[in-house]
Amino acid sequence: GRTIGILGGGQLGRMMALSAKAMGYRIAVLEPKTGSPLGQIADMEVVAAYDDIDGARQLDDVSDVITYEFENIGANVAAWLESTDSFPQGSRLLEISQDRLKEKQAITEAGINVAPYAPVTSLDELKTAAHTLDYPCILKTTRGGYDGKGQLVIHGADELDRAWEELGSSGPLVLEKMIAFSKELSVIFSRSTAGEMRAFPVAENVHRDGILHQSIVPARISVETERKAVAAARRLVKAFGLVGTLAVEMFLTEDGTIYVNEIAPRPHNSGHFTMNACETSQFEQHIRAVCGLPLGKTDLLKPCVMVNILGEHLPRILDGLDEFPEAHLHLYGKDAAEPGRKMGHLNVTGSDPEAVLEQIRTSSIWREKEAMGAKQ
Ligand code: ATP
Ligand code: MG
Ligand code: MG
């Protein structure tokens, strides 16, 4: 049988592997830690850092096709992989998505809006940039951030010194204008090695404390907005010559303008609804895309709300399941249930999306009151 090598051992790799195994593939993983979510179910483990070329060579020795489940692969390994014939996705999107400045430049060059921004490498630059962009604005590390880590909202000039103290030593930064969005949306596109392209239905995403909380599908937007969101994502897919999967996170404002927040060249948390609500899941589609198989249909079969299970939700999840008569539980096999850590997700389906949202709002696991209380 054929073997797929996956760089990264997290939950996205695990769910890719579960799909690939159902399709008859064997899985090898490269990951620095043993016992990772993917390591637990992979057929072969290469224990190595993401910038270890020897590790990449070992993975290549046992793999027919190599893909990745996260974007922070060392540039040396990415370049080496590109010299093999088993890395159909190439390294350009890795390079772009690893660095928020390169990402914003590339998106802008493709003709798509991003929030006004400025690079920041000193307190002086921060002050100048904040003065130009005005408040509120948000300071982010250009590299390595996820789940809202490495970012700070700045409400006024009196917060600049503190913001610099907190993030100034974390490498290059970018200051962005806060977009007063009415909704956050995402579009997940797949493109196969043969050039076939498919988009999944647009998701409406709700974040809590910088971490994705819910994806609601269908998104509660007009047909025209849906078309615009998909068109913007398609434009990026074409500009970047995508092979594999591209997730595009967007802000939608009241007047219908779309800004792209960031991209991820892989299956994405906001696409987990596809596992139980679409004909083909984003993970099966990704495997099809990188293996050169025809892509599957992406139609939505039923409304769905994906809700993330964080460490603090885990103790109640099994008992609380009976509050959701129509739901699918996905857990990632992680041991340490730290608060804010993604431990799994629940796909809640139902014919009435508002009723599904109400189930979640009033559930013992995700009760709205609690979240508001915790913020104060
Ligand atoms: P992810 O886990 O999605 O990779 P991340 O750490 O890369 O997250 P961002 O996506 O940049 O972080 O930001 C997290 C969330 O913070 C966004 O989804 C949005 O809710 C809010 N946010 C970030 N930047 C802005 C902005 N310029 N204007 C308004 N809201 C923002
Ligand atoms: Mg991100
Ligand atoms: Mg994001």
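Residues numbered from 1 in each chain as written. Chains lettered and ligands numbered in written order. Predicted model: local features only at pLDDT ≥ 70, side-chain atom pairs only at ≥ 80, totals over all residues.

As recorded in an unreviewed UniProt entry, the protein chain goes by the name N5-carboxyaminoimidazole ribonucleotide synthase, listed as coming from Alteribacter lacisalsi. If you open the UniProt record of the protein chain and go to Pathway (unreviewed entry), you find "Purine metabolism; IMP biosynthesis via de novo pathway; 5-amino-1-(5-phospho-D-ribosyl)imidazole-4-carboxylate from 5-amino-1-(5-phospho-D-ribosyl)imidazole (N5-CAIR route): step 1/2." Of the comments in the UniProt record for the protein chain, the one headed Sequence similarities (unreviewed entry) reads "Belongs to the PurK/PurT family." (UniProt positions renumbered as here; feature names shortened; annotations may be inferred.)

Inspection of the region around ligand 1 gives 17 residues, with Ala115, Glu176, Met178, Ile179 and His207 positioned closest. Partitioning the shell around ligand 1 into residue classes produces 6 nonpolar, 5 polar and 6 charged. (Near = placed C-beta within 6 Å. Nonpolar A, V, L, I, M, F, W, Y, C, P; charged D, E, K, R; others polar.)

Moving on, we get to helix H2 (residues 53-62). Considered for burial, the residues of H2 that qualify are Gly55, Ala56, Leu59 and Asp60. Along the axis of H2, the buried positions cluster into a sector of 140 degrees, meaning they face one direction only. For H2, exposure combined with an orientation more than 90 degrees from the buried face picks out Asp54 and Asp61. Buried residues belonging to H2 abut strand S1 (3-7), strand S2 (26-30), strand S3 (44-46), strand S4 (65-68) and helix H3 (75-82). (Buried ≥ 20, exposed ≤ 12 C-beta atoms within 10 Å, placed from the backbone. Helix = DSSP H or I, 4+ residues; strand = E, 2+ residues; numbered from the N terminus. Arc of directions from axis to C-beta. Contact = placed C-beta atoms within 7 Å.)

Okay, unusual backbone geometry next. The residue after Tyr135, namely Pro136, is reached through a cis peptide bond having omega -10 degrees. Mapping Pro136 onto the fold places it in the loop between helix H6 (123-133) and strand S6 (137-141). Note that the residue after Val217, namely Pro218, is joined by a cis bond; omega there is 5 degrees. Following the sequence through the fold, Pro218 ends up in the loop between strand S12 (211-217) and helix H8 (223-239). A positive phi angle is found at Asp134, which is not glycine, with a value near 75 degrees. Structurally, the position occupied by Asp134 is in the loop between H6 and S6. We note that Asp209 has phi near 50 degrees; this positive angle belongs to a residue other than glycine.

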